[in-house]
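# Reading the structure
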Amino acid sequence: MKQKLSTAFAVFALLLVGLGSQSYAGTYASSLRTSNPDTVHAFDGSFTDGTGVLLWYTLNGPADTVLATVWWNGTAIMAFKADSTGAGSHNFLWDGKDSLGHYVGVGQYAFTVWTYDKGNPDTVWKQVWQNDVYGDHVTNALSSRDMAIVNDPMSPGFGDLFLSESTTYYGYARMIAARSDGSFIGAFGASNFPQGTVNTDPWYLTTAGDHSLYVTSLTLNSIFVFNDSAVVKVIQDTVHFKNPAGIAAHGAPVPTLYLATGRAVIRGTPTAFLDTLFAVDTVGGGPNGGYVRDVAVDDSGYVYISFGPTSGSYAKILHLSPTGVPIDTVTLPGNVTHLQLFYGTSRTTNADDILYARVPGSAGGVFKVNFATKTATKLFTPSTSSSSYHSITVDMFGDIYYANPSAEWVRMYAPPKSGPFTFTSQPHPVNVFAGAATKVMDNFESGVGHFGKSVTYSGSTVGVSSSSTATLNTTDGHLSGQSMQLVLADDPSSHANWEVRFLSGGGTPSNNDSIGATGWVGFWAKTVSAPPGAMVSIGLDDPSDPYTKRAMLRPVINDGAWHLYEWDIADSMQWTAWVVTSGSSKIKGPRVSVDAVWFFAPDGAPNWTVNFDDV
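This one's a predicted model, so the numbers in the text were calculated from it and none came from an experiment.

## Observations regarding the environment of serine 446
Tracing the sequence through the fold places serine 446 in the loop between strand E33 (428-432) and strand E34 (469-473). In sequence terms serine 446 and tryptophan 409 are 37 residues apart; their C-alpha atoms lie 47 Å from each other.

## Things to note about the nonpolar core
The biggest cluster of nonpolar side chains holds 39 residues, and the ones touching the most others in it are Leu486, Phe523, Ile538, Phe599, Trp608 and Phe612. Looking at this core, the elements with two or more residues in it are strand E35 (483-488), strand E36 (498-503), strand E38 (520-527), strand E39 (535-542), strand E42 (563-568), strand E44 (591-601) and strand E45 (608-613). For phenylalanine 523, the contacting residues outside a window of four places in its chain are Val536, Ser537, Ile538, His563, Leu564, Tyr565, Trp567, Val597, Phe612, Asp613, Asp614 and Val615. Membership of the second largest hydrophobic core comes to 29 residues, among which are Ile176, Phe397, Leu503 and Leu553.

## Structural notes on the side chain of arginine 554
Of note, arginine 554 is situated in strand E41 (residues 554-555). One buried charged residue, arginine 554, forms no salt bridge at all, with the nearest opposite charge on aspartate 571 at 7.0 Å. Among the polar contacts listed, one links the side chain of arginine 554 to the backbone oxygen of glutamate 566, at a separation of 3.2 Å. Contacts of arginine 554, omitting those with residues within four sequence positions, involve Ile185, Ala534, Met535, Val536, Tyr565, Glu566, Trp567 and Gln574.

## Section: the sheet that holds strand E25 (residues 338-342)
Taken in spatial order, the four strands make up an open sheet running E25-E26-E27-E28, and their pairing is antiparallel. Two strands in the sheet have a free side with no partner beyond their single neighbour: E25 and strand E28 (375-380). Each strand axis lies, on average, 30° off the axis of its neighbour in the sheet, ignoring direction. Pairing between strand E26 (residues 354-359) and strand E27 (residues 365-370): five bridges, direction antiparallel. When the bridges of E27 are listed, valine 359 appears paired with glycine 365.

## Notes on the pairing of E28
Each regular strand displays side chains that alternate between the two surfaces of the sheet. The pairing of E27 with E28 spans five bridges and is classified as antiparallel. Note that in E28 the partner of lysine 368 across the bridge is threonine 377. The loop that links E27 with its antiparallel partner E28 comprises four residues; one of these, lysine 374, has a positive phi angle of about 55°.

Calculation rules
- Residues numbered from 1 in each chain as written.
- Predicted model: local features only at pLDDT ≥ 70, side-chain atom pairs only at ≥ 80, totals over all residues.
- Heavy atoms only, no water.
- Helix = DSSP H or I, 4+ residues; strand = E, 2+ residues; numbered from the N terminus.
- Core = buried A, V, L, I, M, F, W, Y, C linked by side-chain atoms within 4.5 Å.
- Buried < 20%, exposed > 50% of the residue type's maximum accessible area, 1.4 Å probe, protein only.
- Contact = heavy atoms within 4.5 Å.
- Lys, Arg positive; Asp, Glu negative; His and termini not counted.
- Salt bridge = Lys/Arg side-chain N within 4 Å of Asp/Glu carboxyl O.
- Polar contact = N/O pair within 3.5 Å; in protein donor to acceptor, adjacent residues only side chain to side chain.
- Pairing = 2+ DSSP bridges.
- Axes fitted to C-alpha atoms, helices over the stretch in contact; angles between N-to-C directions.

Dropping the structure here:
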């Protein structure tokens, strides 16, 4: 049931419910965003056209009560309430009126989402949901190697899941972003990793107090540092790095990094690795006998590593002091592929920290490890697969997320007796303008507009044949008339995946229309012949940076209908500094222009005919 609360008094009355009972874990709202009521277009900032705005949020689990509150200058002016809401993305329709029925004026508003849930009343861990991540978007199955979650409520990406994905079978290597319910956001980072060569590149990852994502590359002996979806640094240390695997971060704003390097655990900062914290050779049985797989660090700086005598046998967890002195070990029933810490309610003490371990095989599962009692208690077994690549992560409230790349899903599990629980999201802006302002730069009604007819004009286009064509389709457009039609064909002499940079204005910014650096940008596209794994994107020239930015790749909907693909210009999570990887992912503006529309597909894909329109 959803309803509008008609008075500001009701807003504050509901905000007081349950605030005295903050117990972990529970349901929270993240991924706050807005759109027009057609659910396709971004909010145009206007209520004068009578369309209103959808206030979107994503729940990581079921909520007994959800309250969305609209604020103006610190005052609550309208609220919406829903009962018994499940995990996933939901919305409220705001018609632009306050609680007295008056339309709001031009200005910056914001909305927050408050959640209340009774928690898991069972005495055992409970599966809350299972999501296939890709769903119907692409046919390639999930091939996750590790995962992490953004646990900082102040971060715009709070609640988002990041997964490293690499596979020789499907021939790709990239990073995946998903919402807190496991739904697919997009792919990024593919250009940074060797495609389809190993199953461990990219491999392990961790979020850190500097709001960056640290990802290890086994074959490149490197750590890639992502800020949003852009690589801002590549850490290489030929002296210390020996097959980097598990990684952990401790502290803020400059984190201390801990890296499992095969034979040892080394410690450093984002700028330099300082020392060898612990050499496993002293425990593993000789100079060639030690192996470290993963590492975790608690709130007090104590270190946990999964290790063993060989790279095929690492069933022990070793507890180290902050200075690397061995304290104790616990042995699990199989190899410990992943370690994760739940940091509890306080980040200044490890008294409420909980260590979790993932073990493959029929005797495996997810274990709670207690070094005080030297025990490992199995919590649940999502799969009996022997794969070493299943992974876990823990959100700030104690829910465990489990990725299974053999059965191709992500699940969330809630601990027993975890409620009642309340949480209030950070505010998300809702900007109200005097009227709608949509600018169509190319509708192809009278010609190719800013776009040429040569698909391979840009030297950045790879993987497709020069026989690929771009022509006007005079019988099929998005709303009426014409559209631009590309027929992309594989280049048999190239072994590169398709990356088609279809230029606007010949790649010269001055040839293209200038647009503001706020709002959304995109295009409509239609196809029935998209190859498996096909993606699209758009590029913008940002003269204030000055680097070309490319948007996060979005999967192609292959149903023969017109669909809008669009990106929020102001959301740095959706952009990457293209080619010049040291550039910022944030578009600085104040004006930008379209550089190109991008199309992606695997090497050797069959011909792909795609129409696009109304850029």
